[in-house]
Amino acid sequence: MNVSDVRGMGDMRLPQVRVTVNSRCKRSCFYCRPSGEAVATEAGTDLDPDRLITVASAVRAQGVDGIKLTGGDPALYEPLVEVVRRLRQEAGMREVEVISRHPRIGELAPALAEAGTTLFNVSLDTLDAGLHKEICGVDDHAEVLTAIRRCVATGVPVKVNVVVMSGINTPEIEQLIAFCEDAGVHSVKLLDVIKELGESSESFTRRLEIKRKVQLPDLYVPLEELAGEMRARAIDEEVGQQGGLGHPMTVFTMPSGTKVVIKDSSAGAWYGAVCRG
């Protein structure tokens, strides 16, 4: 469990709490773990629900009322629905965000909504099924699109994360946003590639299978370029921070009501050195 810097608690700038509930994700996204998921961690090594509720209750007692569940992939964490329910009812969390890239999140969405999930966070980097497989190593693009629609159908707000990659998905960013608008997605977050990961201790030997021999740093796109395009269409613009201590992000409200969030690494803290380890 990682709790961000708690400085600022005196003026109610509360930290974010992110909990890794498991180690398995069932994919090998090029910009994240191109050699595969956390293979050094034994299968079945999941967070004990009772321990999570105990710690979450202690955190809640200090004033933090929101928690994000990540992994691995929480959609593959068997006690997920019950854990969400207990976080809301026993630990007293006001917000519970579930972050997933796996289609199973769509199957679980109705039960998760009933249990008290307040935000679904799902990743989608392309509308091209073949490119999707090349990026993450799994041929389940149609299922991911269905999962997003199922999450939206619950009435719980849905955020879609898009990692912007130069020459790979940059030509379709507008189409990705349009898909999300049409699907009723609450917000789309555009993120740049952590280019320093190419220098990490992990062997980044897998290349995108599009025969381009793409190196990770070559995928980096300065997001201020996209921000200019969004600004031209937006009906509102603001700067948001999660919990008052998070990364400052530009938020554009589009005419459809969908929000486009720009998480530009150059606009705030840059964790390349941390991720490298």
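Okay, so let's go over this structure. (Residues numbered from 1 in each chain as written. Predicted model: local features only at pLDDT ≥ 70, side-chain atom pairs only at ≥ 80, totals over all residues. Heavy atoms only, no water.)

**Quick notes on the overall build of the protein chain**
- Scanning the protein chain from N- to C-terminus turns up eight helices and 10 strands.
- Burial analysis of the protein chain (277 residues in total) assigns 49% to the buried set.
- Relative to all contacts within the protein chain whose residues are 6 or more apart in sequence, the contacts with residues 24 or more apart total 68%.
- On the protein chain, roughly 12,900 Å² of surface is accessible, and the fraction owed to carbon and sulfur atoms is 50%. (Helix = DSSP H or I, 4+ residues; strand = E, 2+ residues; numbered from the N terminus. Buried < 20%, exposed > 50% of the residue type's maximum accessible area, 1.4 Å probe, protein only. Contact = heavy atoms within 4.5 Å. Areas by Shrake-Rupley, 256 points an atom, 1.4 Å probe, with all protein chains shown as cover.)

**Side note on helix H2 (residues 80-89)**
- For H2, the set of buried residues is Leu-80, Val-81, Val-83, Val-84, Arg-86 and Leu-87.
- In this fold, the buried residues of H2 make contact with helix H1 (49-61), strand E3 (66-70), strand E4 (95-100) and helix H3 (104-115).

**Here we look at the pattern of salt bridges**
- For the coordinates displayed, the defined rule picks out 12 salt bridges.
- Across the salt bridge formed by Arg-27 and Asp-140, the nearest N and O atoms sit 2.6 Å from each other. Residue Arg-27 is located in the loop between strand E2 (17-20) and H1, and its partner Asp-140 is located in the loop between helix H4 (129-136) and helix H5 (141-153); the two are separated by 113 residues in the primary sequence. Each member of the pair Arg-27 and Asp-140 is classed as buried.
- Sharing partners across several salt bridges, the network here consists of Asp-50, Arg-86 and Glu-90. (Salt bridge = Lys/Arg side-chain N within 4 Å of Asp/Glu carboxyl O.)

**Digging into the packing of H2 against H3**
- At their nearest, the axes of H2 and H3 sit 8 Å apart, and the two run at 15° to each other. In terms of orientation, H2 lies roughly parallel with respect to H3. In the packing of H2 onto H3, the handedness of the crossing is right-handed. Only Leu-108, Ala-111, Leu-112, Glu-114 and Ala-115 of H3 make contact with H2, whose side of the interface consists of Leu-80, Val-81, Val-84, Arg-85 and Arg-88. (Axes fitted to C-alpha atoms, helices over the stretch in contact; angles between N-to-C directions. Parallel < 35°, antiparallel > 145°, perpendicular 65-115°, else oblique. Left-handed = near helix turned anticlockwise from the far one by under 90°.)

**Some points on the environment of Val-21**
- Here Val-21 is to be found in the loop between E2 and H1.
- Residue Val-21 is classed as buried on the basis of its relative accessible area of 1%.

**Points about unusual backbone geometry**
- We note that Lys-26 has phi near 70°; this positive angle belongs to a residue other than glycine.
- Within the fold, Lys-26 resides in the loop between E2 and H1.

**Here's the deal with the packing of H1 against H2**
- In the contact formed by H1 and H2, the axes pass within 10 Å of each other and the chain directions differ by 25°. In terms of orientation, H1 and H2 fall into the roughly parallel class. The handedness of the crossing between H1 and H2 is right-handed. Here Pro-49, Asp-50, Leu-52, Ile-53 and Ala-56 of H1 lie close against H2, whose contacting residues are Val-83, Arg-86 and Leu-87.
- Here the residues of the contact of H1 with H2 are counted per class, giving six nonpolar, no polar and two charged. (Nonpolar A, V, L, I, M, F, W, Y, C, P; charged D, E, K, R; others polar.)

**A few points about empty space enclosed by the protein**
- As enumerated under the stated definition, the model contains one cavity of 30 Å³ or more in all.
- Looking at the largest cavity, its volume works out to about 40 Å³.
- As for the largest cavity, its lining consists of Arg-101, Ser-123, Leu-124, Asp-125, Thr-126, His-132, Ile-135 and Cys-136.
- For the lining of the largest cavity, the element with the most residues is H4, which contributes three residues.
- Classifying every residue of the lining of the largest cavity gives three nonpolar, three polar and two charged. (1 Å grid on protein atoms, 1.4 Å probe; cavity = no way out; pocket = protein on both sides within 12 Å on 5 of 7 lines; lining within 4 Å. Points joined across faces, edges and corners; volume = space filled by probe spheres on them.)

**Let's talk about the pairing of strand E5 (residues 119-123)**
- For E5, the tally of buried residues reaches five of five residues, placing the bulk of the element in the interior.
- Side chains Leu-119, Asn-121 and Ser-123 project from E5 onto one buried face, and the interleaved Phe-120 and Val-122 project onto a second face that is buried too.
- Of the strand pairs in this sheet, E4 and E5 are connected by four bridges, and their pairing is parallel. In the strand pairing of E5, Val-98 is matched with Phe-120. (Pairing = 2+ DSSP bridges.)

**Looking at the environment of Cys-136**
- Here Cys-136 shows up in helix H4.
- Distance from Cys-136 to Cys-29, taken between C-alpha atoms, is 3.8 Å for residues 107 residues apart in sequence.

**Notes on the side chain of Asp-125**
- Within the secondary structure layout, Asp-125 lies in the loop between E5 and H4.
- Within the structure, Asp-125 has its side chain in polar contact with the side chain of Arg-101 (distance 3.1 Å).
- Among all residues touching Asp-125, those that are not within four sequence positions of it are Tyr-31, Arg-101, Ile-135, Asn-161, Val-162, Val-163, Met-165, Asn-169, Glu-172 and Leu-176. (Polar contact = N/O pair within 3.5 Å; in protein donor to acceptor, adjacent residues only side chain to side chain.)

**Some words on the pairing of strand E9 (residues 249-253)**
- Most of E9 is tucked away: five of the five residues are buried.
- Where E9 meets strand E10 (residues 259-263), four bridges bridge the pair, whose relative direction is antiparallel. Residue pairing for E10: Phe-252 is matched across the bridge by Val-260.
- Counted along the chain from E9 to the antiparallel partner E10, the turn is five residues long, and its residue Gly-257 has a positive phi close to 100°.

Keep in mind these numbers describe shape, not what the thing actually does.
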